[in-house]
Every structure is written in C-alpha cells, then in structure tokens.
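# Fold and contact review
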Amino acid sequence: MGSKEINSEWVDPNIGQTSWIDPVSMEYHIKQWDDPKQSTKAFYDFFKRELANSKKVVDLGAGAGAATFFLASKFPSTNFVGVDQSSDLIIKAKETSKNFKLKNLDFDTGDWFDLGNKWGGVDGVISIQTLSWLPEIQTPMKQIFEMIKPNWIGLSSLFYEGDISARIEVFEHCKPRKTFYNVYSLKKLNRLANDYGYEVVTSDRFEIDIDVPKPKNKDIMGTFTEIVNGSLDYKRLQISGPLLLNWYFVLLKKIER
Ligand SMILES: C[S@@+](CC[C@H](N)C(=O)[O-])C[C@H]1O[C@@H](n2cnc3c(N)ncnc32)[C@H](O)[C@@H]1O
C-alpha cells in the first residue's frame, strides 16, 4: 500500500488537506536553517560517532532540509542526501542550500513507502521527527531493512519503552485541523528489526535542556516544557496541547553474525 493511499484517510473534509500540510508549514521548515532546533543539536550529539564514520547517509522525511544541512555542516567528509515526498519542500531545500555551498549535501524526492533501490547500500539512514506521523511503522522500517540495507539507522520519534504502542488522534476544533501522533513500542520495533537481521542497540529519551514556555493560545498544538521535581533530581517533560511527548533517539544496527 502506498503512503498516499494510507494518508487519504487523514484528509480533513473541512479543509481538504492531508494532515501533513498545515502542522508542518513552510515557515516551520525555513526558520530552522538559521536557527537549528535543540532536538537537531541533540540528534547530532547522540549519533555523532555513526555519522562521522559513514561515507553516505540518507535522511528520510528531510522536509526543507534544515536538519540535514546542520548535520552535513558538522561532518564534511560524510555525504548527506535529504529525501522527502514533497517536491515543494525539496525545491525549497535545494534553493536554500545553494546559499551555503556545501559539497556533501544533496536533496531528492522519494516516498519512504516505496523507496526502490536508489539509495541501496548507503552506510546510514536517519530520520528526524517523522516516523510518528507516518500512518504506521512496519512498512517504512521494512523498506529501510530490505531496500537500503544500511549498517545503522538513527531515528528520533515518539517511543515507549514497554510493549505498548498508541495512536492518538488530535482535533484542533478552532482550525479545524485533524492530525495524529503514533507512539511506537520499542520492544515491538526491536522484534520487527530482528526479523530483518537488525536490532535496537540504544534508545535514549531526549531530555531537552531549555525551558519552552506554554503557548498563550491553548487551542492549538505547540510544544512547551514543564518541570517535574523528584526527590534528588528534576525532569523537563515536553508537552503539546493535552499530550506528553515521549521523544527518543533510537539506534539500530545490523546484527553481527
Ligand atoms: C515533521 S516533518 C520533519 C522534517 C525534518 N526531518 C525536521 O526534523 O525538521 C516530516 C516530513 O516527512 C515528510 N514525509 C511524510 N511522509 C513521507 C513519505 N512517505 N516519504 C517521504 N517523506 C515523507 C513530510 O513531507 C515532512 O516534510
């Protein structure tokens, strides 16, 4: 089944758009070129060893390319290709990247649900804040395992450490806008990976190290942080509207035989 087919379920009859268009606006994508997100910097930190030791890395769901650009600027000897299904975003990524003249950065359109063998054999595949907004995890992961067969895969998305997955439907009634969040079970991901000769090697919660204020408008989704004090330590929880955001960085590797 192609992603367009699955996503058509999420076309909001009131606005006639899929759930991707509005939540991930062009403004959101472009702003990041000048001002990388904390989560992108943390992604760099978490995966720097794998990124530095790879000849070529494909970033799936790269949007307008800001995060791919940030990583490419840190690792000049690693070639990066940012791939997105939206040709508008890829055009924007190509245009914007011309200003920076990086030799190790390229962009291309592609559907994660139908990758073909264009990127087969690259060392690493990454995906930043995308997987939880795909309709499901099996098909896209299977595409990576079978069509690309990388040595390692680096993901940032919403996960849960137990054997529970959740799909949350979000209705912003004032827009009106309908979206969904998938929180995937790490145990289920590991079982799926094992079926294709991969395993989850590390999974770490992304603990943001800055406070993000609560949006004034409570009627739209938008990340903010709240501090929870324990007896010895405190944690910053990331929340959007009524939802707790379980951000994780997950590293998968081929099982060595
Ligand atoms: C939330 S954005 C993340 C963009 C970027 N990785 C970042 O962190 O800023 C998710 C991106 O995934 C893309 N996307 C959604 N479905 C896709 C698919 N089937 N194949 C490739 N890209 C897809 C969307 O067009 C969107 O640009």
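Residues numbered from 1 in each chain as written. Predicted model: local features only at pLDDT ≥ 70, side-chain atom pairs only at ≥ 80, totals over all residues.

## Things to note about the overall build of the protein
Looking only at helices and strands, one finds 7 helices and 12 strands in the protein. Residues classed as buried in the protein amount to 30% of the 257 residues present. A sequence separation of at least 24 residues applies to 70% of the contacts in the protein between residues at least 6 apart. (Helix = DSSP H or I, 4+ residues; strand = E, 2+ residues; numbered from the N terminus. Buried ≥ 20, exposed ≤ 12 C-beta atoms within 10 Å, placed from the backbone. Contact = placed C-beta atoms within 7 Å.)

## Some remarks on the nonpolar core
With 49 residues, the main nonpolar core has Val58, Val125, Val250 and Leu252 as its most contacted residues. Apart from the residues within four sequence positions on either side, Val250 is in contact with Leu155, Phe159, Leu186, Val200 and Ser203. (Core = buried A, V, L, I, M, F, W, Y, C linked by C-beta atoms within 7 Å.)

## What about the pairing of strand β7 (residues 177–185)?
Of the strand pairs in this sheet, strand β5 (residues 152–160) and β7 are connected by 2 bridges, and their pairing is parallel. Across the sheet, Tyr160 pairs through a bridge with Ser185, a residue of β7. Following strand β6 (residues 166–172), the chain reverses through 4 residues before pairing antiparallel with β7. (Pairing = 2+ DSSP bridges.)

## Focus on the pairing of strand β9 (residues 223–229)
The pairing of β9 with strand β10 (residues 234–240) spans 7 bridges and is classified as antiparallel. Pairing of Val228 across the sheet is with Lys235, part of β10. The hairpin formed by β9 and β10 contains 4 residues between the paired strands.

## Quick notes on the confidence of the model for the protein
Residues at a pLDDT of 70 or more form 89% of the protein, whose mean pLDDT is 88. Taken together, the stretch residues 1–23 has pLDDT below 50 and engages in 30 contacts with residues farther than four places along the chain or on a different chain. (pLDDT = per-residue confidence, 0-100.)

## So, the environment of Arg177
When you line up the elements, Arg177 lands in strand β7. Taking the C-alpha atoms as reference points, Arg177 and Ile220, 43 residues apart in sequence, are found 9.3 Å from one another.

## Points about the sheet that holds β9
Taken in spatial order, the 3 strands make up an open sheet running β9-β10-β11, and their pairing is antiparallel. Of all strands in the sheet, those with a lone pairing partner are β9 and β11 (243–244), marking the two edges.

## Quick notes on the environment of Tyr160
If you trace the backbone, Tyr160 turns up in strand β5. Judged by C-beta crowding, with 16 C-beta atoms within 10 Å, Tyr160 ranks as partly exposed. It is 9.9 Å that separates the C-alpha atoms of Tyr160 and Lys188, two residues lying 28 residues apart in sequence. The residues touching Tyr160, leaving out its near neighbours within four places in the chain, are Val183, Ser185, Leu186 and Asn246.

## Things to note about unusual backbone geometry
At the junction of Lys175 and Pro176, the peptide bond is cis and its omega measures out at -15 degrees in the coordinates. Backbone geometry places Lys101, a non-glycine residue, at a positive phi of 50 degrees. Locating Lys101 in the fold gives a position in the loop between α5 (87–98) and β3 (105–109). We note that Gln129 has phi near 50 degrees; this positive angle belongs to a residue other than glycine. With respect to the helices, strands and loops of the structure, Gln129 is situated in the loop between β4 (124–128) and α6 (138–148).

## Quick word on α6
The α-helix winds at 3.6 residues per turn, so residues separated by three or four positions along the chain end up facing the same way. Within the sequence span of α6, burial applies to Pro140, Met141, Ile144, Phe145 and Ile148. For α6, the angular spread of the buried residues around the axis is 135 degrees, confining them to a single face. Away from its buried face by more than 90 degrees, α6 exposes Gln138 and Glu146. On its buried face, α6 sits against β1 (56–60), β4, β5, α7 (186–195) and β8 (198–205). Positive phi appears at Lys149, one or two residues downstream of α6, with a value of about 50 degrees. (Arc of directions from axis to C-beta.)

## Here we look at α5
Relative to the 16 Å expected for 12 residues at 1.5 Å per residue, α5 spans 17 Å between its end C-alpha atoms, a close match to the ideal helical length. Turning to α5, its buried residues number three or more, namely Leu89, Ile90, Lys92, Ala93 and Ser97. One side of α5 carries all its buried residues, which in axial view fall inside an arc of 160 degrees. α5 presents Ser87, Glu95 and Lys98 as exposed residues on the side facing more than 90 degrees away from its buried surface. (Expected span 1.5 Å × (residues − 1).)

## Some thoughts on the packing of helix α3 (residues 38–52) against helix α4 (residues 66–74)
Contact geometry for α3 and α4: axes closest at 11 Å, N-to-C directions at 45 degrees. By the angle class used here, α3 and α4 are oblique. The handedness of the crossing between α3 and α4 comes out as right-handed. Contacts from Thr40, Tyr44 and Leu51 in α3 reach Ala67, Phe70, Leu71 and Lys74 in α4. (Axes fitted to C-alpha atoms, helices over the stretch in contact; angles between N-to-C directions. Parallel < 35°, antiparallel > 145°, perpendicular 65-115°, else oblique. Left-handed = near helix turned anticlockwise from the far one by under 90°.)

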